[in-house]
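Examination of the molecular architecture
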Amino acid sequence: MQTKEMRLRRIQHLAHDIMDEMNARKELSQFDTLIPVIDNLSRAIGDLSDPLGDYSLDYIEEKVENAHFLLFKNKKKIHFHS
């Protein structure tokens, strides 16, 4: 079982990977891919920003993983080991 810190670091790594790919793309006209990526990320951020700190790490992890998968179409598997 991974610790909360390890899971958060993995989520952070996936999010940075997505951000780098989005910034590297010359043509952002692939709305069929980008809209669900943005939707998944906004849902994760919405859950994480709960002012009471009541968030589901499972939900956030799932949404960031979904966004990463949609953007990379599983071409690039991210394995994080601390």
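Since the model is a prediction, treat every value here as computed from it, not as a measurement. Residue numbers run consecutively from 1 along every chain, following the written order of its sequence. Per-residue local features of the predicted model are confined to residues with pLDDT of at least 70, and side-chain atom pairs are confined, for both listing and counting, to 80 or more; whole-chain, interface and lining totals are unaffected and use all residues. To obtain the side-chain values, all non-hydrogen atoms of the structure were included, while hydrogens and water were left out.

**A closer look at the overall build of the protein**
Test applied: Think of it this way: any DSSP run of H or I at least four residues long counts as a helix, any run of E at least two long counts as a strand, and we number them from the N terminus. Only protein chains enter the accessibility calculation, which uses a 1.4 Å probe; a residue whose area is less than 20% of its type maximum is buried, one above 50% is exposed, and one in between is partly exposed. To be clear on the numbers: accessible area is Shrake-Rupley with a 1.4 Å probe, and residue cover counts the displayed protein chains and nothing else.
Per the secondary structure count, the protein includes three helices and zero strands. When the helices and strands of the protein are placed in sequence order, the string is α-α-α. For the protein, buried positions account for 27% of its 82 residues. If you sum the accessible surface of the protein, you get close to 5900 Å²; carbon and sulfur atoms cover 54% of it.

**Points about the pattern of salt bridges**
Stated formally: Take a side-chain nitrogen of Lys or Arg and a carboxyl oxygen of Asp or Glu: if they are within 4 Å of each other, that pair is a salt bridge.
Scanning the model with the defined rule gives four salt bridges in all. Asp-58 is paired through a salt bridge with Arg-7; the nearest N and O atoms lie 2.5 Å apart. Separated by 51 residues along the polypeptide, Asp-58 in helix 3 (residues 57-72) and Arg-7 in helix 1 (residues 4-24) bring together distant segments of the chain. The exposure class of Asp-58 is exposed, given its relative accessible area of 51%. For Arg-7, a relative accessible area of 14% gives the class buried. Arg-43 is paired through a salt bridge with Asp-39; the nearest N and O atoms lie 2.9 Å apart. Of this pair, Arg-43 and Asp-39 both sit in helix 2 (residues 31-48), four residues apart, roughly one helical turn.

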